[in-house]
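Structural overview
The primary structure of each chain is shown beneath.
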Amino acid sequence: MAQFRERPPAQRLWILALIIGSLCVVAAAERDIQGRSVEQVRGSKSLWRLLSLNAVGAAAYFRWGRAGMQLVGSDE
């Protein structure tokens, strides 16, 4: 596997963008979990905090972990 400095500049830029994006998603999930009451989170807040330590878990929290979320214009 090539070292980071050995990669072309465009590839390094994409890698940095992915890392920064992942960190932003993780931070947003952690902040959202912190700001919600236990009733507003499906399942254990501690479990979601653990799962949200990576971008895939954080995305899963935003998709399935928040309870009582309704979309604007939704009839549900």
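Please read these numbers as outputs of a predicted model, since none were measured by experiment.

**A short note on the overall build of the chain**
Scanning the chain for helices and strands turns up 3 helices and 0 strands. Sequence-ordered secondary structure for the chain, helices as α and strands as β, is α-α-α. Looking at the chain residue by residue over its 76 residues, the buried ones come to 21%. Of all intrachain contacts in the chain linking residues separated by at least 6 positions in sequence, the fraction that spans at least 24 positions is 46%. Of the accessible surface of the chain, which amounts to about 6,100 Å², a share of 63% is contributed by carbon and sulfur atoms.

**Topic: the environment of Arg 31**
Mapping Arg 31 onto the fold places it in helix α1 (residues 9–35). Sequence separation between Arg 31 and Arg 49 is 18 residues; the distance between their C-alpha atoms is 9.8 Å.

**Examining the packing of aromatic side chains**
Throughout the structure, instances matching the rule amount to 2 aromatic pairs. Feature note: the residues Trp 48, Tyr 61 and Phe 62 constitute an aromatic cluster, connected by ring pairs.

**What to know about the nonpolar core**
In terms of nonpolar packing, the biggest core is built from 8 residues, these being Val 26, Ala 29, Ile 33, Val 41, Trp 48, Ala 58, Ala 60 and Tyr 61. When residues of this core are traced back to their parent elements, those giving at least two are α1 and α3 (55–65). The residues contacting Ile 33, other than those within four sequence positions of it, are Lys 45, Trp 48, Arg 49, Ser 52 and Tyr 61.

Procedures and definitions
Residues numbered from 1 in each chain as written. Predicted model: local features only at pLDDT ≥ 70, side-chain atom pairs only at ≥ 80, totals over all residues. Heavy atoms only, no water. Helix = DSSP H or I, 4+ residues; strand = E, 2+ residues; numbered from the N terminus. Buried < 20%, exposed > 50% of the residue type's maximum accessible area, 1.4 Å probe, protein only. Contact = heavy atoms within 4.5 Å. Areas by Shrake-Rupley, 256 points an atom, 1.4 Å probe, with all protein chains shown as cover. Phe/Tyr/Trp six-rings, centres within 6.5 Å; stacked < 30°, edge-to-face > 60°. Core = buried A, V, L, I, M, F, W, Y, C linked by side-chain atoms within 4.5 Å.

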